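Summary of the model geometry
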Amino acid sequence: MQPTFKPGEIALCSGIYQVRHAQHRLEHSVTILKDDQFPVCRKCGNLVTFRLERMVSENRAVHGSFRVVLEEYSIWKEKGGGSPPVAA
């Protein structure tokens, strides 16, 4: 069984990680790159864990200058809002 990681820990390898939340959302997968921090969840905070599903090479995870970054939207959290606004 693969080890689990918590928000704030550093990814040891680039890969597809299974994400488990504290009751508010079903499991899903995300891509995390080597040396990136595992993010907190906007709803359950640190009550989220990550487990490596499979490793990927960084050149397959990053295409040109395009890169998806997961981050906490603390500005909305501070203002008591839910999710960030969606672009129309």
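See the structure shown above.
Presented here is a report on the structure given in the accompanying data block.

Cut-off values and rules
Residues numbered from 1 in each chain as written. Predicted model: local features only at pLDDT ≥ 70, side-chain atom pairs only at ≥ 80, totals over all residues. Heavy atoms only, no water. Helix = DSSP H or I, 4+ residues; strand = E, 2+ residues; numbered from the N terminus. Buried < 20%, exposed > 50% of the residue type's maximum accessible area, 1.4 Å probe, protein only. Contact = heavy atoms within 4.5 Å. Salt bridge = Lys/Arg side-chain N within 4 Å of Asp/Glu carboxyl O. Pairing = 2+ DSSP bridges. Core = buried A, V, L, I, M, F, W, Y, C linked by side-chain atoms within 4.5 Å. Disulfide = S-S within 2.5 Å. Phe/Tyr/Trp six-rings, centres within 6.5 Å; stacked < 30°, edge-to-face > 60°.

Some thoughts on the overall build of the chain
Secondary structure assignment for the chain yields two helices and four strands. Counting from the amino terminus, the chain carries its helices and strands in the arrangement β-β-β-β-α-α. Counting every position in the chain, which comprises 88 residues, the buried fraction comes to 28%. Put simply, 61% of the contacts in the chain that link residues at least 6 apart link residues at least 24 apart.

A word on the pattern of salt bridges
If you walk through the whole model with that rule in mind, you get one salt bridge. Between Arg-20 and Glu-27 there is a salt bridge; the shortest N-O distance is 2.9 Å. Owing to a relative accessible area of 45%, Glu-27 belongs among the partly exposed residues under this scheme.

Thoughts on the pairing of strand β2 (residues 15-20)
Summarising burial for β2: five of the six residues are buried, a large majority. Strand direction decides the pairing type here: β2 and strand β4 (residues 49-55), joined by six bridges, are antiparallel. Note that in β4 the partner of Gly-15 across the bridge is Met-55.

Side note on the nonpolar core
Counting residues in hydrophobic clusters, the biggest one holds 13 residues, and the most contacted among them are Tyr-17, Val-30, Ile-32, Phe-38, Val-48 and Phe-50. Elements with a minimum of two residues in this core: β2, β3 (28-32) and β4. Not counting chain neighbours up to four residues away, the residues in contact with Phe-38 comprise Phe-5, Lys-6, Pro-7, Gly-8, Glu-9, Ile-10, Ala-11, Tyr-17, Ile-32 and Phe-50.

Side note on the state of the cysteines
Applying the stated criterion across every chain, the model contains zero disulfides. Left without a disulfide partner, Cys-41 is nearest to the cysteine sulfur of Cys-44, which lies 3.6 Å away.

Brief notes about the packing of aromatic side chains
Applying the stated criterion across every chain, the model contains four aromatic pairs. Residues Phe-5 and Tyr-17 carry aromatic rings whose centres are separated by 6.2 Å and whose planes lie at 80° to one another, so their mutual orientation is edge-to-face. Of this pair, Phe-5 sits in strand β1 (residues 4-5) while Tyr-17 sits in strand β2, and the two are 12 residues apart along the sequence. Exposure class is identical for Phe-5 and Tyr-17. Each is buried. Grouped by ring-pair contacts, the aromatic residues Phe-5, Tyr-17, Phe-38 and Phe-50 constitute a single cluster.

Everything listed here is a matter of coordinates, which is why it stays silent on function.
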